[in-house]
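So the chains spell out like this:
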Amino acid sequence: MNMKQTFANSLIIFSLTTVLFAACSSAEKPEVATEEKKAEGANVVDLSQEQFKTANIQYSAVEEKNLSSVIRASGEIEAPPQQLVTVSSPYGGIVRQIPLLEGKFVSQGQVVAILENPEFIQLQQDYLDYKSQLSYLKEELDRQQELAKENVNAKKTFQKANSDYNSMVARVQGLRSKLQLINIDPEKVGSGNLSSRTNIYSPVSGYVTKVKVNVGKYVNANEALGEIADTRELHVELTVFEKDVPKIKAGQKVRFILNNETKERLAEISLIGREISTDRTVRVHCRLVKEDRDLLPGLFLKGIIETGIATTTALPDKAIVQAAGKSYIFIASGEKKEDEEKKRVGADRSETEEKHIVFKRIEITTGVSENGYTEVILPEGFPRNSKVVVNGAYDLLSKMNNVEEEE
């Protein structure tokens, strides 16, 4: 095969390859264009002149509005350490009564448990014994003092009597304090009035949050019997992301809603944590503006921190529609003639032409809402001079859904 033939064969192969590639490209392009057109058509709806009037379609442009700038955060209701009380006893014993139930309200000074321990009897016996000895030592001290005045006894004897008396005073005072710790009144302790039981009283008024013992159980000294929360000083603790911390400060208002509730409550930031956790968040403590007895420690909530006023792009609330968990607006996209549609299905073109107004659905992201306006974050490249539907948007969405169902 000579060189001319080789070159001719190569040229033929190249030409065939080019033709095949062009054919494949021309075959693929219509498919891609069809998919794009189909996707675009899914977000387009049109109304006839009559439908346009019936829906009372009205337009407006995207506006710049001064809206409250807010930070959204989650959190929970908590009781400050000084308001969450653990009920315990400085002495161990067997639980004989425990009239506590979680969620029950108890008043300060109310009996919340009764403990029994034979050591309580021993403490009372020692107290009575020492108290009796104290009376004798007092008389002995007075006698030695009189003798010392008359120089009848040695000074050393008087000092010994004084020392014994002061030592016994300390013992009696110590036992009095021990009896008071277990809520036994020393003044009521008599030789025939000794008890092996002691009452445990609630140190605060509040709601029982935990009960950790039952009747018949032995508890050690200082072991927790239960917990009581004083709900008068509950506060809101929010978890705020690191990036939002510079925007917040003490005194800012917080609106919060408990999970599964719609009632809005108010709080005020009182303290901002100084430690960033491993998940890059900071704890923010907020004081309730008004006491609420319905709140309990541990309730989860969603909060909104009002950080001030900011200028942002906004639209009237009624311009924004919701569908499948997303937010949309509609903009006027032009007009088309009815006979063009009829020509596609073979209709008689001699019929009177009717103009249809076309609308395009645009997905957006919403922000804070205030005074009938909502902050909107528009997609990149959105024409700011677009005519946005501010009345009749839900009518357009309804028609779009109906068309999709028919198709």
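These numbers come from a predicted model, not from an experiment.

Draft legend 1. Main features of the overall build of the chain. For the chain, the count of helices and strands is six helices and 21 strands. The buried share of the chain, reckoned over its 407 residues, is 34%. In the chain, the share of contacts with a sequence separation of at least 24, taken over all contacts with a separation of at least 6, comes to 75%. For the chain, the accessible area works out to roughly 25200 Å², and carbon and sulfur atoms hold 51% of it.

Draft legend 2. Broad picture of the sheet that holds strand 8 (residues 197-201). The strand order 8-7-5-10 describes an open sheet built from four strands, whose pairing is antiparallel. Two strands in the sheet have a free side with no partner beyond their single neighbour: strand 8 and strand 10 (218-219). In this structure, strand 7 (residues 111-116) lies alongside strand 8, joined through five bridges in antiparallel fashion. Considered in strand 8, the bridge of Glu116 is made with Arg197.

Draft legend 3. Just the pairing of strand 11 (residues 226-229), in detail. Burial along strand 11 is two-sided: Gly226 and Ile228 and Glu227 and Ala229, pointing in opposite directions, are all buried. Bridge count for strand 4 (residues 84-87) against strand 11 is four bridges, and the pairing is antiparallel. Pairing of Val87 across the sheet is with Gly226, part of strand 11. Examined bridge by bridge, strand 9 (residues 206-211) and strand 11 share four bridges and lie antiparallel to one another. Bridge pairing links Tyr207 to Ala229 in strand 11.

Draft legend 4. Geometry of the layout of surface pockets. The space that makes up the second largest pocket amounts to roughly 200 Å³. Taken together, 14 residues line the second largest pocket, and the ones lying closest to its centre are Glu233, Leu234, His235, Arg287 and Leu288. Within the residue set of the lining of the second largest pocket, elements represented by two or more residues are strand 14 (264-272) and strand 15 (281-288). No other element matches the four residues that strand 15 contributes to the lining of the second largest pocket. Classifying every residue of the lining of the second largest pocket gives five nonpolar, four polar and five charged.

Draft legend 5. Molecular detail of the nonpolar core. Formed by 22 residues in total, the largest nonpolar core has its most connected members in Val236 and Leu238. The dominant element in this core, judged by the number of residues it contributes, is strand 15, at four residues. Not counting the four nearest positions on each side in its chain, Val236 is found in contact with Glu76, Ile77, Phe256, Ala267, Val284, His285, Cys286, Leu288 and Leu301.

Draft legend 6. Spotlight on unusual backbone geometry. With phi around 65°, Asn222 is a residue other than glycine that occupies positive phi space. Inspection of the secondary structure assignment puts Asn222 in the loop between strand 10 and strand 11. We note that Arg280 has phi near 60°; this positive angle belongs to a residue other than glycine. You can see Arg280 is positioned in the loop between strand 14 and strand 15. Looking at Arg280, the relative accessible area reads 43%, which means it is partly exposed.

Draft legend 7. Looking closely at the side chain of Thr312. Assignment of secondary structure puts Thr312 in strand 16 (residues 300-316). Classification of Thr312 by relative accessible area gives buried; the value is 14%. Polar contacts involving the side chain of Thr312 include one to the side chain of Glu375, which spans 3.2 Å. For Thr312, the contacting residues outside a window of four places in its chain are Glu63, Glu64, Lys65, Leu67 and Glu375.

Draft legend 8. Up close: the environment of Glu275. Tracing the backbone shows Glu275 in the loop between strand 14 and strand 15. The contact partners of Glu275, leaving out residues within four places of it in the chain, are Thr281 and Val282.

Draft legend 9. Broad picture of the packing of aromatic side chains. For the structure shown, the criterion picks out five aromatic pairs. Both rings, one in Phe105 and one in Tyr207, keep their centres 5.2 Å apart while their planes meet at 65°; by these two values the pair is edge-to-face. With Phe105 in strand 6 (residues 105-106) and Tyr207 in strand 9, this residue pair connects regions lying 102 residues apart in the sequence. Members of the aromatic cluster, joined through ring pairs, are Phe52, Tyr59 and Phe359.

Cut-offs and rules
- Residues numbered from 1 in each chain as written.
- Predicted model: local features only at pLDDT ≥ 70, side-chain atom pairs only at ≥ 80, totals over all residues.
- Heavy atoms only, no water.
- Helix = DSSP H or I, 4+ residues; strand = E, 2+ residues; numbered from the N terminus.
- Buried < 20%, exposed > 50% of the residue type's maximum accessible area, 1.4 Å probe, protein only.
- Contact = heavy atoms within 4.5 Å.
- Areas by Shrake-Rupley, 256 points an atom, 1.4 Å probe, with all protein chains shown as cover.
- Pairing = 2+ DSSP bridges.
- 1 Å grid on protein atoms, 1.4 Å probe; cavity = no way out; pocket = protein on both sides within 12 Å on 5 of 7 lines; lining within 4 Å.
- Points joined across faces, edges and corners; volume = space filled by probe spheres on them.
- Nonpolar A, V, L, I, M, F, W, Y, C, P; charged D, E, K, R; others polar.
- Core = buried A, V, L, I, M, F, W, Y, C linked by side-chain atoms within 4.5 Å.
- Polar contact = N/O pair within 3.5 Å; in protein donor to acceptor, adjacent residues only side chain to side chain.
- Phe/Tyr/Trp six-rings, centres within 6.5 Å; stacked < 30°, edge-to-face > 60°.

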